[in-house]
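Here is what each chain is made of, one letter per residue.
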Amino acid sequence: MSFNKTKWVWHNGGQVLWDEAKVHATAYGLHYGAGVFEGIRAYETESGPAVFRLAEHLDRMYKSADIYNLNIPYTRDELTEAITENIRLNDLKDCYIRPIVYFDSGSLGIRAVTPVSTTIIAWKWEHALHPDKKKHGLRTTISPWRKIHHSMMPSTAKSTGQYLSSVHAVQDAVKRGFDEAIFLNAEGNIAEGAVENLFIVKNNRVITNDEQSSVLLGITRSSVIDIARDLGYHVDIRTITPDELFKADEAFFTGTAVEIAAIGSVDDRPIGSGTSGPVTSEIKDKFTKIIHGKDDHYAKWLHYEMTTV
Ligand code: PMP
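Anyway, here's the lowdown on the structure attached to this text.

1. With respect to the environment of N197
Within the secondary structure layout, N197 lies in strand β11 (residues 197-202). Between the C-alpha atoms of N197 and T140, which are 57 residues apart in sequence, the distance is 13 Å. The residues contacting N197, other than those within four sequence positions of it, are E192, V215, L216, L217, G218, R221, F252, F253 and T254. Side-chain polar atoms of N197 contact the backbone oxygen of L216, separated by 2.8 Å.

This is the structure:
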């Protein structure tokens, strides 16, 4: 697997060639995982590429940065312009966008205050998971590794170092032949997938958890909550036990990379019918229309080149 390389990467204030977007080996963020980032998608629409919920992603990035005392040296308008310019220059119709802000090279003392660097990479990344797996239901496993508790690291911040736990859990799941790992939290309840929030459906109610369960507050999660309510479903936000997951009628993941992906089984026990259930499919169909600009009610979630955030 490799990148669909583009020509330009935005790096510290300007567009540089892909091969020149480099970080020094002494970068503090490389050694200590001290950075924050976002994962955003832009989708093809009749009016050109539209960035999905850009304002919310930027909000989360500034909040994550605040938590770790990273002063992003650019305004939201500047980053908005940087993202849209990069998409335009690279002639991307749809793409994944990865802004990252990190303590750069200066010193490696743990108390060091180093310069802060900001990089934005956009590239075509159609499928984070095989489309068939997404359609028919992922084979998941409960990770033997628990999710870092929110009292240990702020789970609502999307920080680079935190992802070592996701990398580790996915490596273990893949080694055992599964598509994705599900974390329990320190209390033994469901937290989330390695890089996704988790929903269950029971008796036509849609259920997900929140930061009390040590999860990242996903932007797809919040979109799905709104969509499900607009479709007339009752949405409960509360703890989910492993037992409830096993007995659910349906379960699915949400996240920018995977979008909405049905969970077919957990540790080889089928969830519901073992494939994408009717509620999951209904929400997913609505989501697909929205991201491609085919539902005016949600037009405010799309950022086109000319809109301001
Ligand atoms: N949880 C974790 C740990 C994640 O990495 C992600 C991906 N950002 C999500 C949930 C889903 O968040 P979003 O919908 O904002 O992509």
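2. Some remarks on the packing of aromatic side chains
Summed over the entire model, instances satisfying the criterion amount to 13 aromatic pairs. Taking 4.9 Å as the distance between ring centres and 70° as the angle between the ring planes, the aromatic pair formed by Y28 and Y32 counts as edge-to-face. In this pair, Y28 and Y32 are both assigned in helix α1 (residues 28-32), four residues apart and thus about one turn of the helix distant. Residue classification places Y28 among the buried positions, given a relative accessible area of 7%. For Y32, a relative accessible area of 38% puts it in the partly exposed group. Geometrically, the ring pair formed by Y28 and F103 is edge-to-face, given 5.6 Å between the ring centres and 75° between the ring planes. With Y28 in helix α1 and F103 in strand β6 (residues 95-103), this residue pair connects regions lying 75 residues apart in the sequence. Like Y28, the residue F103 is buried in the burial classification. Residue placement shows R41 over the ring face of W125; its charged tip is 5.8 Å from the ring centre. A cation sits over an aromatic face here: R269 above F246, 3.8 Å from the ring centre.

3. Focus: the pairing of strand β8 (residues 138-142)
The element β8 is largely enclosed, with a buried count of four among its five residues. One ladder, built from three bridges, connects β8 with strand β15 (residues 259-266); its direction is parallel. In the strand pairing of β15, L138 is matched with I263. Examined bridge by bridge, β8 and strand β9 (residues 180-184) share three bridges and lie parallel to one another. By the bridge assignment for β9, T140 is matched with E180.

About the criteria used
- Residues numbered from 1 in each chain as written.
- Predicted model: local features only at pLDDT ≥ 70, side-chain atom pairs only at ≥ 80, totals over all residues.
- Heavy atoms only, no water.
- Helix = DSSP H or I, 4+ residues; strand = E, 2+ residues; numbered from the N terminus.
- Contact = heavy atoms within 4.5 Å.
- Polar contact = N/O pair within 3.5 Å; in protein donor to acceptor, adjacent residues only side chain to side chain.
- Phe/Tyr/Trp six-rings, centres within 6.5 Å; stacked < 30°, edge-to-face > 60°.
- Buried < 20%, exposed > 50% of the residue type's maximum accessible area, 1.4 Å probe, protein only.
- Lys NZ or Arg CZ within 6 Å of the ring centre and 35° of its normal.
- Pairing = 2+ DSSP bridges.

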